[in-house]
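A look at the structure
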Amino acid sequence: MDFNDRLKEISDRVQHTSLSDEQIEYSETIFENIKHINEYGQEFWYARELQKALEYTEYNKFVPAINRAIKACEQSGNDISIHFAQASEMLQIGNGAKRNFPSYKLSRYACYLIVMNGDSRKQVIALGQTYFAVKTRQQELIENYNQLSEDRKRLAIRHEMKEHNKSLVEAAQGAGVIEPKDFAIFQNKGYQGLYGGLGQKDIHSRKGLKKSQNILDHMGSTELAANLFRATQTDEKLRNDNVQTKSEANKVHYEVGKAVRQTIKELGGTMPEDLPTPEKSIKQIEREEAKRLKQINTIE
């Protein structure tokens, strides 16, 4: 996977949820543990395993939710056989004996429809709704990334940058970067590595921004993606190497930024400081998007 592919993979993640971090991790574990991959690399879930994960005591009590999901799938014009493939599961029936029972091989979309039609009183159903909605949206973005406009790419990556910066802050804190002034130095080291020695103030000045304006809100998708890669790889290295001191954390951030810069150079890309500053800020795009959605809702 080359640099640009890696950036796309990272930027395609989406997480819109009000659940706590613990709940998100819990839901990931529940549904990832019962996920299967077929010989073509496609993921699927067995209906009876999903039934247990969703805390239905009996399969026949789960069947109505499946039937409602199948109906919804059909009404949306999707091929039922693709999303709800007939299958069988080998289950233990007592005394160590096993027997085949009818089931389904469910696509991610099928699982999403099932949890949307499940017993909403169950907390695990809410977790499932979040998990499969997020995963389905991720796949949509992966499949349609190249069709997104530049503004929408910027919005997607900027949102992801916000999420990863939260994780980076936690990783940095674990390495002893606690005080705001220390974190400012830590962040600056990353920029210096990526921008060939230019710090945050230098980048801010080159872009001609006001003091109150955030440089990340005035980057194009390519520049944002490079910074996202810097942040995610620094986060990962701090945790994997169990970095414990501020000075070492600063060094890691600088070296990762420098490595990303070298990768851009080797791929023949434009250095981030030489990329153009977009006319519109992220905040302006967000306002325009909100206005557009409001007009659509008014028409409807």
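Residues numbered from 1 in each chain as written. Predicted model: local features only at pLDDT ≥ 70, side-chain atom pairs only at ≥ 80, totals over all residues. Heavy atoms only, no water.

The strand order across the open sheet formed by 4 strands is β1-β2-β4-β3, and the pairing between neighbours is antiparallel. What marks the edges here is a single partner per strand, and that holds for β1 (35-37) and β3 (84-94). Each adjacent strand pair in this sheet contributes to an overall mean axis angle of 40°, direction not counted. As defined by bridge partners, β3 adjoins strand β4 (residues 97-106) across 10 bridges and the pair is classed as antiparallel. Opposite Glu89, over in β4, you have Phe101 as the bridge partner. Against the sheet, helix α4 (residues 59-75) engages β3 and β4, with an angle of about 25° to β4. In the packing of helix α6 (residues 108-116) onto the sheet, contacts are made with β2 (43-46), β3 and β4, and the angle to β4 comes to roughly 95°. (Pairing = 2+ DSSP bridges. Helix = DSSP H or I, 4+ residues; strand = E, 2+ residues; numbered from the N terminus. Axes fitted to C-alpha atoms, helices over the stretch in contact; angles between N-to-C directions. Contact = heavy atoms within 4.5 Å.)

Quick look at the pattern of salt bridges now. Opposite charge on two side chains lets them pair, provided their charged atoms get close. On inspection of all chains with the given rule, the structure shows 13 salt bridges. Of the charged contacts in the structure, one is a salt bridge between Glu163 and Lys166, with a shortest N-O distance of 3.8 Å. Here Lys166 and Glu163 lie together in helix α8 (residues 150-174), a separation of 3 residues that amounts to about one turn. Asp235 is the partner of Arg239 in a salt bridge, and the nearest nitrogen-oxygen pair spans 2.5 Å. (Salt bridge = Lys/Arg side-chain N within 4 Å of Asp/Glu carboxyl O.)

Here the focus is the nonpolar core. In terms of nonpolar packing, the biggest core is built from 31 residues, with Phe186, Leu238 and Ala249 touching the most fellow members. Those elements giving two or more residues to this core turn out to be α8, α9 (180-194), α11 (221-240) and α12 (246-266). Counting residues in each nonpolar core, the second largest holds 28 residues, with Ile34, Trp45, Ile125 and Tyr131 among its members. (Core = buried A, V, L, I, M, F, W, Y, C linked by side-chain atoms within 4.5 Å. Buried < 20%, exposed > 50% of the residue type's maximum accessible area, 1.4 Å probe, protein only.)

This paragraph deals with the packing of aromatic side chains. Tallying each qualifying case throughout the model produces 6 aromatic pairs. Centre to centre, the rings of Phe44 and Tyr46 are 5.2 Å apart; their planes meet at 85°, and the pair counts as edge-to-face. When its relative accessible area of 17% is taken as the criterion, Tyr46 is described as buried. Here the aromatic residues Tyr56, Tyr59 and Phe62 are joined through ring pairs into a cluster of three or more. (Phe/Tyr/Trp six-rings, centres within 6.5 Å; stacked < 30°, edge-to-face > 60°.)

This part is about the environment of Ala226. Topologically, Ala226 is positioned in helix α11. Looking at Ala226, the relative accessible area reads 3%, which means it is buried.

As paired elements, β2 and β4 share 2 bridges and run antiparallel to each other. In the strand pairing of β4, Trp45 is matched with Leu106. Counting the residues in the hairpin turn of β3 and β4 gives 2 residues, including Asn95, whose phi is positive at 55°.

Let's shift gears to the confidence of the model for the protein chain. Across the protein chain, the average pLDDT comes to 84, with 83% of residues at 70 or higher. Low pLDDT, under 50, characterises residues 6-25; the stretch is placed with 41 contacts to residues that sit more than four places away or in other chains. (pLDDT = per-residue confidence, 0-100.)

With that settled, consider α8. Its 25 residues place the ends of α8 36 Å apart at the C-alpha level, agreeing with the 36 Å of an ideal helix rising 1.5 Å per residue. Listing the buried residues of α8 in full gives Lys153, Arg154, Leu155, Ile157, Arg158, Glu160, Met161, His164, Asn165, Leu168, Ala171 and Ala172. Positive phi appears at Gly176, one or two residues downstream of α8, with a value of about 100°. (Expected span 1.5 Å × (residues − 1).)

Turning our eyes to something else, we now look at the packing of α8 against α11. In contact at an axis separation of 9 Å, α8 and α11 are set at 20° when each is read in the N-to-C sense. The angle between the axes of α8 and α11 places the two elements in the roughly parallel class. Two packed elements cross with a definite hand, and for α8 against α11 that hand is left-handed. (Parallel < 35°, antiparallel > 145°, perpendicular 65-115°, else oblique. Left-handed = near helix turned anticlockwise from the far one by under 90°.)

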